[in-house]
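For reference, the chains in residue letters:
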Amino acid sequence: MLKLNYTNYGLFLEQVTASLDAVATQRVMLAVNVGETLHLEPSRASFLLPVELPGITQLEYLLRQNATDVIDLTSVDDEFVEISLKGTWIANSANAESGTFITALAPESEMLIYELWQVTQRQTAYFM
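In this text the structure is predicted, and so the values were computed from the model without any measurement.

What counts, and where the lines are drawn
Residues numbered from 1 in each chain as written. Predicted model: local features only at pLDDT ≥ 70, side-chain atom pairs only at ≥ 80, totals over all residues. Heavy atoms only, no water. Pairing = 2+ DSSP bridges. Helix = DSSP H or I, 4+ residues; strand = E, 2+ residues; numbered from the N terminus. Core = buried A, V, L, I, M, F, W, Y, C linked by side-chain atoms within 4.5 Å. Buried < 20%, exposed > 50% of the residue type's maximum accessible area, 1.4 Å probe, protein only. Contact = heavy atoms within 4.5 Å.

Colleague: Honestly, the pairing of strand β5 (residues 80-91) in this entry has me stumped. Any pointers?
Modeller: Looking along a regular strand, one sees side chains alternate from face to face of the sheet. In this structure, strand β3 (residues 39-50) lies alongside β5, joined through twelve bridges in antiparallel fashion. Looking at β5, one finds that F47 is bridged to I83. Note that strand β4 (residues 71-75) and β5 share five bridges and pair antiparallel. Directly across from T74, in β5, lies its bridge partner E82. Between β4 and β5, which pair antiparallel and follow one another directly, the connecting turn spans four residues. Taken together, the three bridges between β5 and strand β6 (residues 99-103) define a ladder with antiparallel strand orientation. Residue I90 lies in a different strand from β6, and its bridge partner there is T100.

Set out below in structure tokens:
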């Protein structure tokens, strides 16, 4: 499962071994125990990756082999592609700009997306 945390400081993506149900249940129980409002809804989340990453071609191949409506890969311009994922948005309110997005994909797709995102994080850290 991929877990995307959207915060005021940016996007943080992690690969989690727990199931969607387990993560959602844990989050609901936490909200109940601390008395906070929680909003869950089916949604889509997206982020950009540089088109020149070597694994982008492999991801395109995987998506052609395993046609699904869970992942979309769209060319944005000459430099970036957008990865769009279907899953569940978890936040404090329906209009929240920060929250957690969870999705389950084929294991090889999850791993590749996670690895591609990690490469971009290392590149960003290098240039800072």
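Colleague: Would you take a moment to explain the nonpolar core for this structure?
Modeller: Side chains of a nonpolar character, in soluble globular proteins, are inclined to be buried together. Among the nonpolar cores identified, the biggest contains 26 residues, and L2, L4, F47, L49, L85 and I113 are the most heavily contacted of them. Among the secondary structure elements, those contributing two or more residues to this core are β1 (2-7), β2 (10-15), β3, α2 (55-65), β5 and α3 (107-127). Discounting chain neighbours no more than four positions away, the residues touching L2 are L13, E14, Q15, L85, F101, I102, T103, L105, E110, I113 and Y114. M1, V16, A24 and I102 belong to the second largest nonpolar core, which has six residues in total.

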